[in-house]
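Structure assessment
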Amino acid sequence: MTVWCDRIVTGGILFLILFTPLAFGSVHPWAFSLMEVVIFLLIIVWAFKLYLSPRSLFPSGRRFGWGTNSRPILLFLILFIGLISLQLLPLPPSLLRLLSASTYDLNIKSLPGWPERMPYQEPSFQKPDSKETSNWVVLPTPDEVQKGAPVPFSSSQSVAPDFQFSASSPSLDLWRPLSIAPILTRSDLLKFCSYVFLFFLVLLYPFGPPQEANSQQLAVSGRLHVEERFVRPVLRTVLFSGLLVAFIGLVQLFTWNGKILWFFVPYDWGIPHPGITAATGPFVSHVHFANYLSLVFPLALVGIFSHSFVAPQANRKSFRLFCGFTAFIVFVGVLLSLSRGGWIGIVLGIVFLLWMLLSLPEERRPFLLQRTKKSVVRFSLVGLSLLLIMALVFVGPSGRGQVDARLEETVLGERSLRTRVAVWEDSLGIIRDFPLFGVGLGSWQELFPRYRRPPWSPTLFREAHNDYLELLAETGLIGFFLLAGFFWQVGRKLFFSFKMLPPKTVPVSAALLSALGIMAFHEFFDFNLQIPANAFLFTLFLGIALRMTRHSETEGRIEGEAIPVSSPRRVAAPAVAVGAVSFVLMFFALRQEGLPYPNNLKEPASLAEARQVLLTYPARSSAHLSVFRLLEDRAPLSQRLRELEIAIWFDPINPYARDLYAASLFRQGREEKGLKEITQSVLFSPSLSTHFYLSHRLLPLLSAREQTHVEEGFKRALAFGNERVVSELGAFYAALHRFPEEGRLYENAALKESEAADQLHYLLKAGLAGARAGDDEKAEALFRQASAAVPQDPRAYQYLATRVFAPREDLDSVKAAISEGIKMGADPFSLSFSLAEAAQNIGNREEVKAALLQALSYRPSSFEAHYRLGYFYLQDKNFDRAALSLRRAGELNPSSASSFYHLGLAEEERYRFFAAEKAYARALELEPDHASFQYSYKTFLRKVAESGIRDTANGEVIEPIPSLTKEKDVNYK
């Protein structure tokens, strides 16, 4: 029976190694729930084995590295779990205020009337929406029930539990936990407990040694043999998992169909993603894909030059080849993930691995590293360079292009890092207000919008992209230092035991420690430990690394020293307790929500549903907006405004909530307050697209005072240094036809820019504003200033020709500007088109034709040149030349419906009806819903059918398509 227990435990671990990454990183509830259930089942198997044979299975003392000095490791974890359990425990308001005043204040703000009474206790919040049911009744209030009022349901019916109150003890309903989102905290606590159980399962599961080993040498020999039997399949499976994940990532990158693993669309995407530039494998994020592979890479690298502990003697050559191939594919996968953290992690892993191995005496190192440190470093640099060159050759030109673009983005300006730093700075506000106990494990995302600084962005941050900072915000100083104490104790034990390990286990231990170091580094910039697959692998490595330190302690025993064992009576009770706890946790794991948060939340259809959401997620701004919407015609405007104020308090820079609040204030007659809210809303989100009243249709309808307050919001945002406000404020002026102010805005912005490209951008916009304002002299001066800033850019010369000189009908100045641009090195092709446009506006068709022919001479294979020249000939009724140019345009761009349509018109005028029919049909094939194409084609076929005209080229009669000539006309506009 005990042998079968060993097989089940090992098999379960091997299954999870393969399952967790392939199940999309196990980020969805169905996947991580299964992971948790399997781990808890394995713990139950362990407890069953301990109960059956405790003497041989749970040795104590130094033999297992679990003596008195190691008990703080367990203590820290127990205290941390206790802290999270305290976060979930409902507390009376007075005690909640004592422990966390900020949490107490948050509940007062989000739940009106608390703690004096239950929030949202009105009858309308306690029954389903009457609009949704045809047969409905009014439920009595809890006070009426206590007074004896009957519940209008039969004995087989009951009120939904989510909407009931405790009639026996209403004061208990006022108790609130420290966590602001208990459901999220409970889910993360279950994950954490599963990782803790996995850690102790890997660390302490008693595989041996055999009982008959009665000497130190036999004990050590037997111990190593049994450890090899356990560690070998685990590490081999990890290597195979890394190879499989990397291979899937590479194949998926080049065969992308918009879905993860070719069949799954993540909940956040909604629709298949049109294209990716980075390898992601079965993970949703390329960063987590790279992190997973970077953890496997040191193990594969070690397998190349040291494999005595992982591979048996007979298979060492094939295992070395397998590890070399795995290391290469994993390296390529990390390279094409385009994750800078993954790239740095690979390098740090190699550096840390070498540092660990070179710290040992030369005779204890692997064979290939038994040389001077300088020689090893040089050898490693050469090897890494060759690996990089081979990887770049393997990925081909497209892969190298993607890597180059990522490096260029990093060097020229990394926006994502700036965004991360901003999120970190904003998160400090949460830590300041919730210093001791935090906001609840997993609840950072709920409260972060309150502390987020403007400008507003539609991007939702569910993680802080720094797990150390997020842990501090969620669990406070107490939780942070408890986990820090655990890792400090484990780190000290690993570091001081490393040099005493048996030589055959040293390389594997160094690889595991390198992987742990990679994760510790990467956690500063991302949240990989919140991805169950990555956290599982990290926990597995940590447990194995600490388990391997037991060899050094076993070797350190005095020969003949007795090995103490625990008595059956001392083991039976803990085994039963651990099994019972695992069973309870497994029950909770199976009852988790099927959809990930917040995809599991739907827009409340009734006030009762909205109330339930608010009691569960009191800091959720959108839930208060739902209450505002559902209270329409049921509550006075003042009560509805209260919900908007709460929503804005939790998400102060959200423009939609604040604009809704401003509109409600106007309806209440509080115009001054409403105007101030408009200014604040525009200040926090200085973008026309995020405010419904700033659309091009509604903006001119605003009153002068409203326009002034909108402008004030833009100007205040601009004063805070938000460069993107310039374009938005300029668009605001343009929509109101305030072109002189638009021009001054852009001109001032150009003066502040040091980069020539940015100066050019603003000068061109200022010149266009001047042209629209009718100030030709100002526009000309600005365009010439722009051409002086970047002489090779054609736009300044184009605008001079088309916006300044063409309206004056000054063709000579137009040609002079175009010639100047060509002389300064600007693109002559685009300048020739601008000359044609200017000549067209002036009415000189000869110059139009000359300019188009000149453009064609610069690019003979240009579709645009042939098409525009053909269209010109068509307008000029030169149908032969029009057909020639348009046919060439269709050859250059077979997907252009317009070119085939106009070719059909030209061929019809040439009486080449067969060619015209083909051209019309092709145009309709490309754009079947185009009304003009349908009308022209149908008219053409009717004319041919009625006249019986033969094609002038071959004398064939054009047979009309019956489905198109039936009398079922379409409304053509």
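Cut-offs applied
- Residues numbered from 1 in each chain as written.
- Predicted model: local features only at pLDDT ≥ 70, side-chain atom pairs only at ≥ 80, totals over all residues.
- Heavy atoms only, no water.
- Helix = DSSP H or I, 4+ residues; strand = E, 2+ residues; numbered from the N terminus.
- Buried < 20%, exposed > 50% of the residue type's maximum accessible area, 1.4 Å probe, protein only.
- Contact = heavy atoms within 4.5 Å.
- Areas by Shrake-Rupley, 256 points an atom, 1.4 Å probe, with all protein chains shown as cover.
- Salt bridge = Lys/Arg side-chain N within 4 Å of Asp/Glu carboxyl O.
- Expected span 1.5 Å × (residues − 1).
- pLDDT = per-residue confidence, 0-100.
- Core = buried A, V, L, I, M, F, W, Y, C linked by side-chain atoms within 4.5 Å.
- Patch = residues over 30% accessible without salt bridge, like charges linked within 9 Å, V, L, I, M, F, W, Y side chains within 5 Å.
- Axes fitted to C-alpha atoms, helices over the stretch in contact; angles between N-to-C directions.
- Parallel < 35°, antiparallel > 145°, perpendicular 65-115°, else oblique.
- Nonpolar A, V, L, I, M, F, W, Y, C, P; charged D, E, K, R; others polar.

On to the overall build of the chain. Counting secondary structure elements, the chain contains 40 helices and zero strands. In the chain, which comprises 973 residues, the share counted as buried stands at 52%. Considering only intrachain contacts with a sequence separation of at least 6, the fraction spanning at least 24 residues in the chain is 69%. Carbon and sulfur atoms provide 59% of the accessible area of the chain, an area that totals close to 45,300 Å².

Right, let's talk about the pattern of salt bridges for a bit. Side chains carrying opposite charge are able to pair once their charged atoms draw close together. Here the structure, examined in full by the defined rule, presents 34 salt bridges. We note a salt bridge from E672 to R705, for which the minimum N-O separation is 2.4 Å. Of this pair, E672 sits in helix α25 (residues 671-684) while R705 sits in helix α26 (residues 704-719), placing them 33 residues apart in sequence. Taking the relative accessible area as the measure of exposure, E672 reaches 43% and is therefore partly exposed. A salt bridge links K943 to E908; the nearest nitrogen and oxygen atoms lie 2.6 Å apart. Here K943 is found in helix α39 (residues 931-947), whereas its partner E908 is found in helix α37 (residues 897-909), with 35 residues between them in sequence. For E908, a relative accessible area of 14% gives the class buried.

What follows concerns helix α8 (residues 182-204). An ideal rise of 1.5 Å per residue puts 33 Å on 23 residues; α8 measures up with 32 Å between its terminal C-alpha atoms. Counting buried positions over the 23 residues of α8 gives 21, a clear majority of the element.

A separate point is the confidence of the model for the chain. With 85% of its residues at a pLDDT of 70 or more, the chain has an overall mean of 85. Per-residue pLDDT stays below 50 along residues 955-973; that stretch engages in 34 contacts with residues further than four places along the chain or on separate chains.

When a protein is soluble and globular, its nonpolar side chains tend to lie buried together. Counting 132 residues, the largest nonpolar core has I13, F199, F297, L540, F541 and I544 as the members making the most contacts within it. A per-element tally of this core places α8 first, with 14 residues. With near-sequence residues (within four places) excluded, I544 lies in contact with V202, V231, V234, L235 and L512. Counting residues in hydrophobic clusters, the runner-up holds 76 residues, among them L702, A735, I818 and F833.

Here the focus is the environment of W46. Counting through the fold element by element, W46 comes out in helix α2 (residues 29-52). Judged by its relative accessible area of 8%, W46 falls in the buried class. For the pair W46 and G579, spaced 533 residues apart in sequence, the C-alpha to C-alpha distance is 8.2 Å.

Below, the discussion takes up a nonpolar patch on the surface. Residues F48, Y51, L52 and V576 make up a contiguous nonpolar surface patch of about 390 Å² in total accessible area. In terms of residues, the nonpolar patch owes the most to one element, α2, which gives three residues. Checked against the element boundaries, F48 lands in helix α2.

Moving on to the packing of helix α31 (residues 795-805) against helix α32 (residues 811-823). Geometrically, a packed helix pair is captured by the angle between its two axes and the distance between the axes. The N-to-C vectors of α31 and α32 enclose an angle of 170°; their axes lie 8 Å apart at closest approach. Regarding the angle of α31 to α32, the classification is roughly antiparallel. From α31, Y797, L800, A801 and F805 reach across to α32, where they touch S813, V814, A817, I818, E820 and G821. For the contact of α31 with α32, the residue count by class is seven nonpolar, two polar and one charged.

For helix α21 (residues 607-616), the buried fraction is high: eight of the 10 residues fall into the buried class. Of the residues making up α21, those classed as buried are L607, A608, A610, R611, V613, L614, L615 and T616.

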